[in-house]
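The chain contents come next:
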Amino acid sequence: FMTVSSFHVLNQDHVYGRGYVWRDITKEHEVDSLKNDLISLASHEFKTPITGIKGSVETLLRTDADWEESFKQELLEGIHEDIGRIQQLIEDWLDISKIEAGAMRVNREPTRIQSIVRNAIKRLPNADEHWLEIDASLEDRLPLVYADKTRLEQVFVNLFTNAIRYNDRQPLVRVSAESDDTYVHIRVTDNGTGIHADHLEHIFDRFYRVDLSSSRRTSGTGLGLAICKGIMDSHGGQLRVESIEGEGSTFIVSIPQYNPKEDDTL
Ligand code: ADP
């Protein structure tokens, strides 16, 4: 879409010329729709934790009540959780805005993918549980990848979190690796709910969530996978999915290998 608008060139008070500006408004439409999406995200997603915090603080502030320590502790933990949720929303919001503006910066360096996967696992709340199976292929001598450690870690944290969250069974997540001439491919396979073929092509779209009845799963924003995809795109890598509903899903993260000849001259 293009729009054209005419304008007058003014020299003090005198019109002495006329010009035209052609603008590509496709991008502007996208930005507008992102803004609208974010406004509706804000009104829905921010309201709940803020209302929770307000209620808890009001309770704690009541001078006429003599709350038990354990009750106060419970309220504080709730506040802490709600603040975490707001922080996550803001971070996701900033990330998706950067991605949509084509301004996601990645600081790439030669790095071992094994350490990125391990660090991601450490950041998960239930890291010590037996839901994880690391395939021997991840212990192999894999080529170095050329990646932003923090960003790539974020991708794996997101994939592991989803693998555990969208799962009605005892979660089991298997991580394996393989490489070809250009990439290291990491496969994250879960035994979760799986994703119906109709949804598969959309799950990387921002705000897209497969309709879920279970209320414990309503806390997501539908931004996670869009951000992961954006991060992989900005690495010149890929993020793909294979899934069978009712059986499980495999997310395949393909990261460019470190190539000293090319990468060091950049
Ligand atoms: P969110 O988790 O906040 O909803 P995501 O972008 O991470 O957002 O995921 C989008 C949707 O894709 C989720 O709502 C869920 O329906 C589906 N999904 C993502 N990962 C998995 C998975 N491992 N197994 C089943 N469904 C998944």
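Residues numbered from 1 in each chain as written. Predicted model: local features only at pLDDT ≥ 70, side-chain atom pairs only at ≥ 80, totals over all residues. Heavy atoms only, no water.

## Brief notes about the pairing of strand S7 (residues 183-190)
Along S7, six of the eight residues are buried, which leaves the element largely enclosed by surrounding structure. Between the antiparallel neighbours strand S6 (residues 173-179) and S7 lie three residues. Bridge count between S7 and strand S9 (residues 248-256): seven bridges; the pairing is antiparallel. When the bridges of S9 are listed, Arg187 appears paired with Ile252. (Buried < 20%, exposed > 50% of the residue type's maximum accessible area, 1.4 Å probe, protein only. Helix = DSSP H or I, 4+ residues; strand = E, 2+ residues; numbered from the N terminus. Pairing = 2+ DSSP bridges.)

## Looking at unusual backbone geometry
In this structure, Phe207 takes a positive phi of about 70 degrees despite not being glycine. Looking at the element boundaries, Phe207 is found in the loop between helix H5 (197-200) and helix H6 (224-234).

## Side note on the confidence of the model for the chain
Looking at the chain, the pLDDT average stands at 86 and 84% of residues meet or exceed 70. The model gives residues 1-17 a pLDDT under 50, and that stretch makes 35 contacts with residues more than four places away or in other chains. Both confidence scores are given for the complex: pTM 0.82, ipTM 0.98. (pLDDT = per-residue confidence, 0-100. Contact = heavy atoms within 4.5 Å.)

## What about the environment of Asn191?
Following the sequence through the fold, Asn191 ends up in the loop between S7 and H5. By relative accessible area, Asn191 is classed as buried at 16%. The sequence separation of Asn191 and Ala163 amounts to 28 residues, and the corresponding C-alpha distance is 7.8 Å. Residues contacting Asn191, with those up to four places away along its chain left out, are Asn167, Arg169, Gln170, Pro171, Leu172, Glu247 and Gly248. Side-chain polar atoms of Asn191 contact the backbone oxygen of Gln170, separated by 3.0 Å. (Polar contact = N/O pair within 3.5 Å; in protein donor to acceptor, adjacent residues only side chain to side chain.)

## Overview of the site of the ligand
What surrounds the ligand is a group of 20 residues, the closest being Tyr166, Arg209, Thr221, Gly222 and Leu225. The separation between an oxygen atom of the ligand and a polar main-chain atom of Thr221 is 2.8 Å. Between the ligand and Gly224 there is a distance of 3.4 Å, counted from an oxygen atom to a backbone nitrogen or oxygen. Relative to its unbound accessible area of 530 Å², the ligand is 97% covered by the protein chains. Put simply, the parts of the chain that give the shell around the ligand at least two residues each are helix H4 (149-165), H6 and S9. When residues of the shell around the ligand are assigned to their parent elements, the largest contribution, three residues, is made by H4. Residues of the shell around the ligand, tallied by class, amount to nine nonpolar, eight polar and three charged. (Near = heavy atom within 4 Å. Areas by Shrake-Rupley, 256 points an atom, 1.4 Å probe, with all protein chains shown as cover. Nonpolar A, V, L, I, M, F, W, Y, C, P; charged D, E, K, R; others polar.)

## A word on the environment of Ile203
As for its placement among the helices and strands, Ile203 is situated in the loop between H5 and H6. Put simply, Ile203 and Leu223 are 20 residues apart on the chain and 9.4 Å apart in space, counted from C-alpha to C-alpha. Apart from the residues within four sequence positions on either side, Ile203 is in contact with Ile195, Tyr208, Val210, Leu225, Val241 and Phe251.

## Things to note about the sheet that holds S9
Taken together, the five strands give an open sheet; going across it, the order is S4-S6-S7-S9-S8, and neighbouring strands pair in mixed fashion. In this open sheet, the two edge strands, each paired with only one partner strand, are strand S4 (132-134) and strand S8 (238-244). For this sheet the average axis-to-axis angle between neighbouring strands, irrespective of direction, equals 20 degrees. (Axes fitted to C-alpha atoms, helices over the stretch in contact; angles between N-to-C directions.)

## Examining the side chain of Asp95
Turning to its location among the elements, Asp95 is positioned in helix H2 (residues 69-100). Since its relative accessible area comes to 7%, Asp95 is described here as buried. Sequence-distant contacts of Asp95, that is, excluding residues within four places in its chain, are made with Met104, Arg151, Gln154 and Ile227.

## Quick notes on the pairing of S6
Pairing of S4 with S6, which is carried by three bridges, proceeds in the parallel orientation. Each bridged residue has a counterpart across the sheet, and for Glu133 the counterpart in S6 is Arg174. Of the strand pairs in this sheet, S6 and S7 are connected by seven bridges, and their pairing is antiparallel. Across the sheet, residue Val173 finds its bridge partner in S7, namely Asp190.

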